Amino acid sequence: KTIGIILGTLGRQGNPAILGHIRSLLKKHGKKCFVLLLSEIFPVKLEKFPNVDAWVQIACPRLSVDWGHFFRKPVLSPYELNV
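Predicted model, so just to flag it, every value in this text is computed and none were measured.

A. Spatial organisation of the overall build of the chain. Helix and strand content of the chain: four helices and four strands. Reading the chain from its N end, one meets helices and strands in the order β-α-β-α-β-α-β-α. The C-alpha atoms of the chain give 12 Å as radius of gyration, which agrees with the globular expectation for 83 residues (12 Å, within 12%). If one aligns the C-alpha atoms of the chain with their principal axes, the spans along those axes are about 30 × 30 × 20 Å. Counting across all 83 residues of the chain, residues that qualify as buried make up 35%. Within the chain, residue pairs in contact and separated by at least 24 positions form 59% of the contacts whose partners lie at least 6 positions apart. If you sum the accessible surface of the chain, you get close to 5,500 Å²; carbon and sulfur atoms cover 58% of it. Averaging the coordinates of the 12 positive side-chain charges in the chain and doing the same for the 5 negative ones gives two points 9 Å apart.

Listed below in structure tokens is the structure:
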């Protein structure tokens, strides 16, 4: 499985400490991952990465809850990944 990690670049949404934690967690569980820097997260942007099985977004805290149903692949918050 390949997990894309989105680090938000708009304002102060992206948190490098959370990014480090997520990368360590995914590595510990044998998941391949990469980091994508985005100022805005739209379904059409993420669809350009068809080999990604799921996304973790470190940006808007409510994006996964309020807009997650618009994405074809799961878009998790850091909290959801940890649960």
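B. The arrangement of the sheet that holds strand S4 (residues 75-76) in detail. Taken together, four strands build an open sheet; the order of strands is S2-S1-S3-S4 and the sheet is parallel. Single-partner strands in this sheet number two, and they are strand S2 (32-38) and S4. Summarising the sheet, strand S1 (residues 2-8) and strand S3 (residues 54-58) pair through five bridges and their orientation is parallel. Paired with Ile6 across the strands is Gln57, a residue of S3. Contacting S1, S2 and S3, helix H1 (residues 16-28) runs over the sheet at an angle of about 175 degrees to S1.

C. Layout of the pattern of salt bridges. Here the structure, examined in full by the defined rule, presents two salt bridges. Its salt-bridge partner being Arg72, residue Glu47 comes within 3.5 Å of it at the nearest N-O pair. Of the two residues, Glu47 is situated in the loop between helix H2 (43-46) and S3 and Arg72 in the loop between helix H3 (63-66) and S4; the sequence distance between them amounts to 25 residues. On the basis of relative accessibility, which here comes to 38%, the residue Glu47 falls in the partly exposed class. Two residues, Asp66 and Arg62, come together in a salt bridge whose shortest N-O distance is 2.8 Å. On the basis of relative accessible area, Asp66 is assigned to the partly exposed category, the value being 32%.

Criteria and thresholds
Residues numbered from 1 in each chain as written. Predicted model: local features only at pLDDT ≥ 70, side-chain atom pairs only at ≥ 80, totals over all residues. Heavy atoms only, no water. Helix = DSSP H or I, 4+ residues; strand = E, 2+ residues; numbered from the N terminus. Rg over C-alpha atoms; globule rule 2.2 N^0.38 Å. Buried < 20%, exposed > 50% of the residue type's maximum accessible area, 1.4 Å probe, protein only. Contact = heavy atoms within 4.5 Å. Areas by Shrake-Rupley, 256 points an atom, 1.4 Å probe, with all protein chains shown as cover. Lys, Arg positive; Asp, Glu negative; His and termini not counted. Charge placed at Lys NZ, Arg CZ, Asp CG, Glu CD. Pairing = 2+ DSSP bridges. Axes fitted to C-alpha atoms, helices over the stretch in contact; angles between N-to-C directions. Salt bridge = Lys/Arg side-chain N within 4 Å of Asp/Glu carboxyl O.

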